[in-house]
Each structure stands twice: as C-alpha cells, then as structure tokens.
Amino acid sequence: MKRLFALLFAVATALTGVAAQAQAVQPPEIAARSYLLFDVTTNQVLAAKDPDSPIEPASLTKLMSAYLVFQALKDKKLTLTQTLPVSERAWRTGMTGASRSFLPLNSQVTVDDLLKGEIVQSGNDATVVLAEGVGGSLEQFVAMMNRQAQAFGLKATTFKNPEGLPAAGHTSTARDLAVIATRLVQDFPDYLRYSVMREFTYNKIKQPNRNLLLYRDPTVDGLKTGFTDAAGYCMITTAKRDFPNGPRRLISVVLGAASMESRANESQKLLNWGYTAFDAVKLFDANQAVVSPPIWKGSSNTAKLGSAAAVYVSVPKGEGDKLKTDISRTDPLVAPLAKGQVVGSIKVTANGAPVAELPLTVLENVDSAGLLGRAWDSLRLWIQ
C-alpha cells in the first residue's frame, strides 16, 4: 500500500500542471480541441491545451475497462483461456455503431480473443462481455470503473458504460485520460501486446487497428482510438524510444480532431516534438541512497533514503546542467522504518522554477533497537 501511495503521489503531482520550465518551450500548433503530452519516464507534463475541459471520451473509455480486466487477470479471477458467454445485451450493444467484433449471440469466447476485440477492433460487444464477466453485471462493472477512477484521484471523470457509447454524464478530460493511460502502461506493461496489434480476425472477419501510427512509427505500441459525433476523432498514443541514457516513454492525448488522419498526424507531431525538444536526465539510480540521515531508536544509526525506481526529469534540450535538487524529510526519523515508506520528498528545480516533485522513500527496513538503545535515544531526544 505504501508503494502504491508513492506511485500515485508521483503521478498525481506530475499531472496537476505543466512544469514551468516546460512552458518555456513552445509546442507546435495542434489541430484539436484539447491535448496533453505526458512523459511517463519522468512523470511530467510537457505540453497541454485545455486539459481540464470536459469531453465525451468515446471509445477511450475502453482503457479503464481494459485496466479492470487486466487487474482481474492479475488477481487470478480470470484466465486468458477462460471462455465467457455473449449475452443478448452484449450482442445488441455490438449492433450499435460501427465498432464491434461480430460476436455471435450466445457463443462462448475466450478472454484473450475478447481483449483483442476490445483493444484492436474497439468492439463494443467484446467490451460488454468482458464487463459482465468481471463485474457480474454491467451495472456492477460500471460502479467498479468509477471506484477505480476515484482511487486514481480523477476529479472530472464519470463513467456510465464500459464501451464509450454516448450517455448523459459520461465525461472525462485529457488530464484524467492521461492518468488512466499512464497507470495502464505502468501497471500492466505486458498487455501492450494487444494495443500494438495491427489487425485481428474473428468470426472470419478481419478488422484493422484504427491507430494509424502503428503502421508508420515502429516505436508506437498503443494505445486507443475513439470517435463519436460529439467527441470528434480522439486518440491516446504511446511510444517508447531508446536513448543513450535509457528508454523513454511518452503518452499523447489528442481529443476532438477533425478526422482519423488528423488525429494521427497531430499525435505524431506531439510525440516527435516531445522527444526532440526535451532531454530526459537521470538524477539517481534505482535504490541509490540519496541521503543517509541519522535515525533514532533504530538497530542502525542511519537510514538509506532515495527512490525504488530510477529518477529522471525532462528539461529543455541542453539545459540539464541547470537542475538542482532539494531534499525535505521528516525529522526526527524514529525506528521502526519499513522499506518503501514515504518520509519526505525530492524537489527538482531549474533556474529556480519547479520541475518535479517525487516521494523520498526508505530503501531498507530499519528495525527498532533494543530496550537500552531505545531508552538512551529517548533521553537524547528529550534533551534536544
């Protein structure tokens, strides 16, 4: 739970606003109602336009649906080879709109094929089958989606269905959708194998993935497209490119573009700009002791504090030498301390402007000292 808090702290802090130093680098003109570019490697927003404007998320909704299915697989409540029945409700939902997997009524379909149908074909019918299988009912699954949105700290997202068909009150924002996409790729990276698929054939019907960048950019491996008359053409894209100091992943959210071609072009434009206009600078290695302050009443005299993951920050190209870090922590530190426990923060600035804030965590367990050691430190603390 403490590690989960630390991860949520980092993502929430990063997505609350565009870093001041990033704003100094002007993004290209993007033909969309709203957009957001997020650096997953550094947990920073690089650019945004109207990221908090409410929108109809259309089939981008399926990212949250998929997240809950992946969670059910992780918890062993489902298996990929397990079959689920195609209910009349799922079949009829598939008949609504153009996005469907052509699942026969009352047929049995494996979870693996249903996920391909949901993510590759954007099948409304496949999504409802999965929702009923995980939630027990469509209504219960939607309630699970909204609870997960609350757990992510999303303030402007409400789900009314799992597939994204228009419904009163079914809304989100570019910022909230970026959080969902980020959590999906961080928590379930192995399942990107579905979003990178270019086509899927089911019931002898082959359908292509509508993410045109999968055919143009080999570094793109997801994530999801969406369209309704009200939402326009939308796409959440993620790419992972290799650099000398390690791989770097970006996520772009483009909402309300004019066409399929436009949403692809604008997403590509954002991704290319993010990779070329910014450097990802590594500040600390994973599990590197950033500070080792004294600890009271502990079996050790000091505690190793840092980050369980490598710490990167994005800065305008060539400005990495302007970075400064400031450590703030709980004082005094009193044992016992658990590995992963958050005891402060690492604040990063460039030219005095905030760049990032990350949790400072305990890297190794520190047990309590014996009775005499605790008594002696209690006296020393009292004297101080």
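Heads up: these notes are all about the structure in this document.

1. Some words on the environment of Arg263
Thought 1: Tracing the backbone through its elements, the reader meets Arg263 in helix H10 (residues 260-277).
Thought 2: Residues Arg263 and Thr237, spaced 26 residues apart in sequence, show a C-alpha to C-alpha distance of 10.0 Å.
Thought 3: A polar contact of 3.0 Å, which involves the side chain of Arg263, links it to the backbone oxygen of Gly226.

2. Concerning the sheet that holds strand E2 (residues 44-49)
Thought 1: Read across the sheet, five strands follow the order E2-E1-E9-E8-E7 without closing on themselves; strand pairing throughout is antiparallel. Of all the strands in the sheet, just E2 and strand E7 (220-228) have a single pairing partner and so form its edges. Averaged over all neighbouring strand pairs, the angle between strand axes comes to 10°, with direction disregarded.
Thought 2: In terms of strand pairing, strand E8 (residues 232-243) meets strand E9 (residues 246-257) through ten bridges, oriented antiparallel. Within the sheet, the bridge partner assigned to Tyr233 lies in E9 and is Ala257.

3. Some details on the side chain of Ser172
Thought 1: Looking at where Ser172 falls in the secondary structure, it is placed in the loop between helix H7 (138-151) and helix H8 (174-187).
Thought 2: Taking relative accessible area as the criterion, Ser172 reaches 0% and is therefore assigned buried.
Thought 3: There is a polar contact of 2.8 Å between the side chain of Ser172 and the side chain of Thr157.
Thought 4: With sequence-adjacent residues up to four places away left out, Ser172 is seen in contact with Ser53, Pro54, Ile55, Pro57, Ala156, Thr157 and Leu177.

4. A closer look at unusual backbone geometry
Thought 1: In this chain, Gly222 is followed by Leu223 through a cis amide linkage whose omega measures 20°.
Thought 2: In this structure, Leu223 sits in strand E7.
Thought 3: For Lys76, which is not glycine, the phi dihedral falls at a positive 65°.
Thought 4: Tracing the chain through its elements places Lys76 in the loop between helix H3 (62-74) and strand E3 (83-85).
Thought 5: Note on Lys76: relative accessible area 72%, which makes it exposed.
Thought 6: Backbone geometry at Asn203 places phi at a positive 55°, although glycine is not the residue there.
Thought 7: Mapped onto the secondary structure, Asn203 falls in the loop between strand E5 (199-202) and strand E6 (205-208).

5. Some points on the side chain of Asp176
Thought 1: Position of Asp176 relative to the elements: it lies in helix H8.
Thought 2: Arg175 provides the closest opposite charge to the buried, salt-bridge-free Asp176, at an N-O distance of 6.2 Å.

6. Section: the packing of aromatic side chains
Thought 1: Following the criterion strictly, the structure yields ten aromatic pairs and no others.
Thought 2: With 5.0 Å between their ring centres and 70° between their planes, Tyr67 and Phe188 make a pair best called edge-to-face. Residue Tyr67 is found in helix H3, and its partner Phe188 is found in the loop between H8 and helix H9 (192-195); the two are separated by 121 residues along the sequence.
Thought 3: We classify Tyr67 as buried; its relative accessible area is 3%.
Thought 4: Seen from their ring centres, Phe70 and Tyr191 are 4.3 Å apart, and the 5° between their planes marks the pair as stacked. Here Phe70 is found in helix H3, whereas its partner Tyr191 is found in the loop between H8 and H9, with 121 residues between them in sequence.
Thought 5: The exposure class assigned to Phe70 is buried, which follows from its relative accessible area of 1%.
Thought 6: Among the aromatic residues, ring-to-ring pairing joins Tyr67, Phe70, Phe152, Phe188, Tyr191 and Tyr194 into one connected group.

Definitions and cut-offs
- Residues numbered from 1 in each chain as written.
- Predicted model: local features only at pLDDT ≥ 70, side-chain atom pairs only at ≥ 80, totals over all residues.
- Heavy atoms only, no water.
- Helix = DSSP H or I, 4+ residues; strand = E, 2+ residues; numbered from the N terminus.
- Polar contact = N/O pair within 3.5 Å; in protein donor to acceptor, adjacent residues only side chain to side chain.
- Pairing = 2+ DSSP bridges.
- Axes fitted to C-alpha atoms, helices over the stretch in contact; angles between N-to-C directions.
- Buried < 20%, exposed > 50% of the residue type's maximum accessible area, 1.4 Å probe, protein only.
- Contact = heavy atoms within 4.5 Å.
- Lys, Arg positive; Asp, Glu negative; His and termini not counted.
- Salt bridge = Lys/Arg side-chain N within 4 Å of Asp/Glu carboxyl O.
- Phe/Tyr/Trp six-rings, centres within 6.5 Å; stacked < 30°, edge-to-face > 60°.

Any functional reading would require information that these geometric values do not contain.
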